[in-house]
Amino acid sequence: MAPGTELAELAREASGCVRCPLSAHRTQVVFGVGDPHADLMFVGEAPGRDEDLQGEPFVGRSGKLLDRLILEELGVDRSRCYIANVVKCRPPDNRDPKPDEIAACRPYLSAQIELISPTVVVTLGNFATKLLLGTDRGITSVRGLSYPMGERQLVPTYHPAAALRSGGVVVAEMRADLIRAKQLLGWSG
Ligand code: URA
């Protein structure tokens, strides 16, 4: 099978998904983007307005910051990584995704992680971190470490929107978390 075929098939299946009420409000499903065999995967929360319109995760202001931090700390651009979200459809008015919506979308995220098989998964913010780490603890108390997730390593960090709101210290901690991911990947430089 050609590289990425199963992931592309999954994306095609997801594009018509009506497993939860978010499907009624979306412009399109924002499945994920990047290298289907990336060593590094980022998981955010949910598409916002820009993502819903463009069909790609993290293309708005948060995404610009994420791109910059990936480039500056990891020395690569987003095409070397895979980027997805906990839920694939935009919640109305950018509200938080609800537990039933997260549960309905979970099989897509699990399949993405299995098929891409990254070495390191960086979770961006509370929703992705709580889901994949299976914890109720907030991002501030769990970040700063890496956690085994089966054969992979999970590195929790802040959501870039939090960094945009809070500024310097949060950005610096995100940079430190990305450096931790880089070390786990064995990427030099
Ligand atoms: N915030 C997210 O969590 N995901 C996106 O794709 C964009 C903003």
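Structural data are supplied above this passage.
In this report, the structure presented in the accompanying data block is examined. Worth saying up front: this structure is predicted, and the values here are computed from it rather than measured. (Residues numbered from 1 in each chain as written. Predicted model: local features only at pLDDT ≥ 70, side-chain atom pairs only at ≥ 80, totals over all residues. Heavy atoms only, no water.)

Notes on the site of the ligand
Step number 1: Neighbouring residues of the ligand: Gly44, Glu45, Ala46, Glu51, Pro57, Phe58, Asn85 and His159.
Step number 2: In this structure, an oxygen atom belonging to the ligand sits 2.9 Å away from a main-chain N or O atom of Phe58.
Step number 3: At 2.7 Å, a side-chain N or O of His159 approaches an oxygen atom of the ligand.
Step number 4: The cavity where the ligand resides is the largest pocket.
Step number 5: The residue makeup of the shell around the ligand, split by class, is three nonpolar, three polar and two charged. (Near = heavy atom within 4 Å. Polar contact = N/O pair within 3.5 Å; in protein donor to acceptor, adjacent residues only side chain to side chain. 1 Å grid on protein atoms, 1.4 Å probe; cavity = no way out; pocket = protein on both sides within 12 Å on 5 of 7 lines; lining within 4 Å. Sits in = over half its atoms within 2 Å of the grid points. Nonpolar A, V, L, I, M, F, W, Y, C, P; charged D, E, K, R; others polar.)

Let's talk about helix H3 (residues 61-74)
Step number 1: Compared with the 20 Å implied by 1.5 Å per residue over 14 residues, the 20 Å span of H3 between its first and last C-alpha is a close match.
Step number 2: Along H3, the positions that sit buried rather than exposed are Ser62, Gly63, Leu65, Leu66, Leu69, Ile70, Glu73 and Leu74. Down the axis of H3, the sector holding all buried residues measures 160°, keeping them to one side. Those residues of H3 that are exposed and aimed more than 90 degrees away from the buried face are Arg61, Lys64 and Leu71.
Step number 3: In this structure, the buried side of H3 is in contact with strand S2 (40-44), strand S3 (82-85), strand S4 (120-124), helix H7 (160-166) and helix H8 (168-185).
Step number 4: Looking one or two residues beyond H3, the residue adopting positive phi is Gly75, at roughly 75°. (Helix = DSSP H or I, 4+ residues; strand = E, 2+ residues; numbered from the N terminus. Expected span 1.5 Å × (residues − 1). Buried < 20%, exposed > 50% of the residue type's maximum accessible area, 1.4 Å probe, protein only. Arc of directions from axis to C-beta. Contact = heavy atoms within 4.5 Å.)

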